[in-house]
Amino acid sequence: MSPFPDSKLIFSDEKKYRFRRHLLFWFFWGLYFGLVRELNPIAYKNTGQFANGFKTMIETFFLVLPQVVLVYPLLYFILPRFIFTGKYYKAFFWVLVFSVLTATLSTTLLIAIPWHKAVYISANFKLFPPAIGGASKDFWAKISLAYVNTMLGALTCAALAASFKLFKHYYLKNHRIQLLLKENIAAQLQILRAQVHPHFLFNTLNNIFSQTQTESPKGSRMIMGLSDTLRYILYEGQKPLVPLQQELLMIKEYIDLEKIRYGNKLEIHISTPQKVNDIYIAPLVLLPFVENCFKHGTSNMLQNPWVNLTIEMKDTRLVMKLMNGKEPLTGNQNNKTGIGIKNVKQRLDLLYKNQYALQIREDKEVFIVDLWIKLISVQKQVEDNGHSPSLLNMAYS
């Protein structure tokens, strides 16, 4: 989402706005590059006149065109993969590789143009004299000069494009942090309104638990499970990140509560990873999906309610597949997504922008949620950076 309604041309990721941005960039860069070559004062001093404007612009096009080879890998490969992740030595290596490739392509392209007999690469001499057959002794010096000049031009263009990209990246990142802070404040206010006196609530639940231990063991187990779930939501839910193992344990406790409620009627299969000690996740991201499958799925099934939850870790990528049975929709029913799912989608966009994928499908008798999230490994962060980052920085990075 663009920070301001009238800034779509600058910040929007829609294809039409991105195309316009790139078109404007290359137009103004080409115009500037051409005017600099056209109005070169040293060339005017040596020749007594400025170069032909139309010819200069044509030549400029063939000089600017190969710069694409450096600019776009820098914007979409080097910056996101190495600069933004702090891998500066690798970034320098790849910039050097694409710079050499661009300069080589530019010089080769100039030589390959058959009608190109007098390109002013330098103000001091022409790169190609009219009789190119018998190469003069300084021919390779001229080639080297052309090579260096085209590389400098490409690096200047790439630096300008990268500055725009960095401005957009850090501006949107700062905007996203501000949104997260506002969301966090709003969530805390909501919690304060809802919890009133959490210690009173927990003490009351513990008193009820003591009373029901002998009279109703089943009820006491439900109260204790509810108390643990509420404690997690109220206290752990305010942290930016929690251990994934802790989040998975809370989901299992929630499902255990539902199993007590359903008794033997509920068929449930759960598969979760065992060793995820160094993986962290934003709290309460997965729970709304599990809660939704009970609230809108199995609770409405009159016969054979079932839930199937599979969570796997592939390196630092969490992959979740959640399926539950449901009653077939009739023609006049309109199944709407609950508020909890809408909220968690907003949180995913804020916390894991471009680092997750969510697909929710509804078949005739099955509701399916496919989700993957790229999580944070504290151990990997330590290996890459040499120190353990704070959870707040990891949440907003």
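Bear in mind that the values here come from a model prediction, so they are computed numbers and not experimental data. (Residues numbered from 1 in each chain as written. Predicted model: local features only at pLDDT ≥ 70, side-chain atom pairs only at ≥ 80, totals over all residues. Heavy atoms only, no water.)

Turning our eyes to something else, we now look at the overall build of the protein chain. Each helix and strand in the protein chain was counted, giving 14 helices and 8 strands. Burial statistics for the protein chain: of 397 residues in total, 37% are counted as buried. Of the roughly 24100 Å² that the protein chain leaves accessible, carbon and sulfur atoms contribute 60%. (Helix = DSSP H or I, 4+ residues; strand = E, 2+ residues; numbered from the N terminus. Buried < 20%, exposed > 50% of the residue type's maximum accessible area, 1.4 Å probe, protein only. Areas by Shrake-Rupley, 256 points an atom, 1.4 Å probe, with all protein chains shown as cover.)

Turning next to the sheet that holds strand 1 (residues 242-243). Strand order in the open sheet made by the 3 strands is 1-3-8, with antiparallel pairing throughout. Sheet topology places strand 1 and strand 8 (376-377) at the edges, where each strand pairs with a single neighbour. Bridge count between strand 3 (residues 279-281) and strand 8: 2 bridges; the pairing is antiparallel. Bridging across to strand 8, Tyr-280 finds its partner in Ile-376. (Pairing = 2+ DSSP bridges.)

Moving on: the pairing of strand 4 (residues 306-314). As paired elements, strand 2 (residues 267-271) and strand 4 share 5 bridges and run parallel to each other. Bridging across to strand 4, Ile-270 finds its partner in Leu-309. Relative to strand 5 (residues 317-325), strand 4 runs antiparallel, the two sharing 8 bridges. Among the inter-strand pairings, Ile-311 is bridged to a residue of strand 5, identified as Met-320. Linking two consecutive strands that pair antiparallel, namely strand 4 and strand 5, is a turn of 2 residues; a positive phi of about 60 degrees is found at Asp-315 within it.

For Asp-370, the location among the structural elements is in strand 7 (residues 366-374). Here Asp-370 is in contact with Met-320, Lys-321, Ala-357, Leu-358, Gln-359 and Arg-361, once residues within four sequence places are set aside. (Contact = heavy atoms within 4.5 Å.)

Within the structure shown, the criterion is met by 12 aromatic pairs. Relative to Tyr-72, the ring of Trp-26 has its centre 6.2 Å away and its plane inclined at 40 degrees; by these criteria the two rings are tilted. Here Tyr-72 lies in helix 5 (residues 68-83) and Trp-26 lies in helix 2 (residues 15-38), a separation of 46 residues in the sequence. A relative accessible area of 18% means that Trp-26 is categorised as buried. The class of Tyr-72 is partly exposed, set by a relative accessible area of 23%. (Phe/Tyr/Trp six-rings, centres within 6.5 Å; stacked < 30°, edge-to-face > 60°.)

A few words now on the sheet that holds strand 5. As summarised here, the arrangement of the 5 strands in space is 2-4-5-7-6, forming an open sheet in which the pairing is mixed. Lying at the two open borders of the sheet, with one neighbouring strand each, are strand 2 and strand 6 (356-362). For this sheet, the mean inter-axis angle between neighbouring strands, taken without regard to orientation, is 5 degrees. With 7 bridges connecting them, strand 6 and strand 7 associate as antiparallel partners. Bridge pairing in strand 7 links Arg-361 to Ile-368. In this fold helix 10 (residues 244-262) packs onto strand 2, strand 4 and strand 5, with an angle of close to 170 degrees to the strand it touches most, strand 4. Packed onto the sheet, helix 11 (residues 287-295) meets strand 2, strand 4, strand 5, strand 6 and strand 7 and runs at close to 5 degrees relative to strand 5. (Axes fitted to C-alpha atoms, helices over the stretch in contact; angles between N-to-C directions.)

With that out of the way, let us pick up the pattern of salt bridges. According to the stated counting rule, one finds 2 salt bridges in the structure shown. Of the charged contacts, one joins Asp-370 and Lys-321 as a salt bridge, the two residues approaching to 2.9 Å between their closest N and O atoms. Of the two residues, Asp-370 sits in strand 7 while Lys-321 sits in strand 5, which places them 49 residues apart along the sequence. Overall, Lys-321 belongs to the partly exposed group, its relative accessible area being 32%. Salt-bridge contacts for Arg-361 lead to Asp-370; the nearest nitrogen and oxygen are separated by 2.7 Å. (Salt bridge = Lys/Arg side-chain N within 4 Å of Asp/Glu carboxyl O.)

Right, let's get into the nonpolar core. Leu-286, Phe-289, Phe-294, Met-320, Leu-322 and Tyr-352 are the most contacted members of the largest nonpolar core, which has 45 residues in total. When contributions to this core are tallied by element, the ones reaching two or more residues are helix 10, strand 3, helix 11, strand 4, strand 5, helix 12 (339-351) and strand 7. The biggest single contributor to this core is helix 10, with 7 residues. Ignoring anything within four residues of it in the chain, the contact list for Phe-289 reads Met-320, Leu-322, Ile-341, Val-344, Leu-348, Leu-358, Ile-360, Val-369 and Leu-371. Judged by nonpolar contacts, the second largest core, of 21 residues, contains Ile-78, Leu-79, Ala-91 and Leu-110. (Core = buried A, V, L, I, M, F, W, Y, C linked by side-chain atoms within 4.5 Å.)

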